[in-house]
Every structure is written in structure tokens, then in C-alpha cells.
Amino acid sequence: MLDFTKQTLQDFDCQPYHEKYYEALNRFAKGGIKKLIISMPPQHGKSEGSSRRLPAFVLGLDPNKKIAIGSYSSSLAQDFNRDVQRIMDSELYHGIFPNTQLNRSNVVTIANNYLRNSNVIEIVGKRGLLRVVGRGGALTGKTVDMMILDDLYKDYAEGKVIENPLIVLTLFARCEAMGWNHLPEPGSLLEQNIETLKAFDVIFRAKAEQERKEQEKREMEAKRNTPSSSRRGRRR
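From a predicted model like this one, the values you see are computed outputs, not experimental measurements. (Residues numbered from 1 in each chain as written. Predicted model: local features only at pLDDT ≥ 70, side-chain atom pairs only at ≥ 80, totals over all residues. Heavy atoms only, no water.)

### Quick notes on the nonpolar core
Applied cut-off: We define the nonpolar core as a collection of buried residues of types Ala, Val, Leu, Ile, Met, Phe, Trp, Tyr and Cys that are connected through side-chain atoms lying within 4.5 Å of one another. Each residue gets one of three labels from its accessible area relative to the maximum for its type: buried under 20%, exposed over 50%, partly exposed in between, using a 1.4 Å probe on protein chains only. Helix numbers and strand numbers start at the N terminus; a helix is a DSSP run of H or I with at least 4 residues, a strand a run of E with at least 2.
In this structure, Leu-54, Met-88, Tyr-93 and Leu-130 are the most contacted members of the largest nonpolar core, which totals 38 residues. Elements represented by at least two residues in this core include exactly α1 (2-8), α2 (16-29), α3 (46-61), β1 (66-71), α4 (74-89), β5 (129-134) and β6 (146-149). Counting residues per element, this core draws most heavily on α2, which supplies seven residues. Formed by five residues, the second largest nonpolar core is a distinct cluster that contains Ala-68, Val-133, Leu-139 and Val-144.

In C-alpha cells form, the structure reads like this:
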């Protein structure tokens, strides 16, 4: 999946932690990981990988796969939908996955029997689709094979109100279909399936290692740029 991202995202600046991140996403896309939690700082490419490249990649591998993306607002979820459509419309994507095609009409109602709008896109001639939903939106009766949850809380303050029924209940009806009979806390999920989520820790280690190397590089450059008083003394 890392190669796919490099090919379809021209300005992608691949860092060492991206390699571990996309390794985890690749295993998830191919079924090697069933339940995956990714936690990284803001603006480190989580959504680019999980909510834009991953759905396009999975639908390329299996155009019969049914995917849903849930977010705190319908507008953010729809943004992910449109971004995925742009990826799948590109000639690069068609060269990689020629059997995965969207309805070319790009309308907001049914055209040629395959939906393509800001809430759902269907793969022409296949059973696969991508459906997006914000909190308050309905997934009842909409079976999916893969559920991606991205930015469930609007901000830190809202995230602390975990008893809010909008947060805890409405969005997650399909978790049961994925083998969860409740919405697990990240810590408890790690305890239940630590082997599956090794990538969770590996990503943090990769990021820490990258920062350590960058700090060492800065220190070495600072030493090279600072004249040595002992050397000046010997020259005299």
C-alpha cells in the first residue's frame, strides 16, 4: 500500500514512521489485521492513509468489498468520500486497478443503476461500495465488510464527554457486524488482542527513532558549524 500511495500522491513525503504505518494498513487491507487502532499526532498523515488511500486501495484489490467511513460530522465524512473519488478517477489508479470503475456521470441520484454522490459510491458491475456517515446518520441495515472511524470527536472537550449518547451509540451500529458486541476502549482492545495490534506500538517506536536521529543530525551539524577553540589554539 505504500507503493500505491507513492504512485498516486505526488507530493507524498515518506518518512520512516510512514513505512511502519503503511505496513500496518497494508496488513489490515489484506485481512492480516482484523482490528486496528492508529494513534499519532495531528498532521502526520493518519487520515491520508486510513480514510483516503486505504478505501481506494481496498476497492482496487476487491471491487466487491463494502466499506464505511464514520466521522463526527457528515461534512468531514463527505470530504473523505470526494477525496477517494478523485483518487479512483485518476489515470494512475485505472492503470493499477483497471477492473475498479466508478459511474462516470458523477450525479447525486441513481444513474446507470450505480450510485455516485457525496454519501455513497458504488463500483460499476460489482457489489463493492464506499459509504460515509456522520454522527446522527444511519447505518442500520447497511452491512459493511470494513469500518473506518476517523475523527470521532470534534475536539478535546467533546472527547472527554464519553457518556454522550451521540458519541457512544448512533454511529457504531455496524461494530457488531465486525465481531464487536460493544465499542471497546483502546486500552482494553490492546489487552484483548495485543498480537494483532503490534503495529500500534511499532509506529510510535518508528516515530521516536526518527526524532532521535533528526536530533543527532542537528547536533552534529551544530558541532561542524561551531569553530573549535582547541583547533584555533593549535593553529597559533
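Alright, that's what it looks like, and here's the rest.
### Topic: the packing of α3 against α4
To keep things clear, this is the line we draw: Fitted lines through C-alpha atoms serve as axes, helices being fitted only where they are in contact, and the angles separating the N-to-C directions of these axes extend from 0 to 180 degrees. For classification purposes, an angle smaller than 35 degrees is called roughly parallel, one larger than 145 roughly antiparallel, one from 65 to 115 roughly perpendicular, and anything else oblique. A clockwise turn of the near helix away from the far one marks a right-handed crossing, whereas an anticlockwise turn of less than a right angle marks a left-handed crossing. Pairs of residues are marked as contacts when any of their non-hydrogen atoms sit within 4.5 Å. Three residue categories are used. Nonpolar comprises Ala, Val, Leu, Ile, Met, Phe, Trp, Tyr, Cys and Pro, charged comprises Asp, Glu, Lys and Arg, and polar comprises the others, including Gly.
Packing of α3 against α4 brings their axes to within 9 Å, and their N-to-C directions diverge by 50°. As far as their axial angle goes, α4 and α3 are oblique. Where α3 crosses over α4, the handedness of that crossing is right-handed. Here α3 contributes Ser-47, Ser-51, Arg-52, Arg-53, Pro-55, Ala-56 and Leu-59 to the contact with α4, which in turn contributes Phe-80, Asp-83, Val-84, Ile-87 and Met-88. Residue classes in the contact of α3 with α4 are distributed as seven nonpolar, two polar and three charged.

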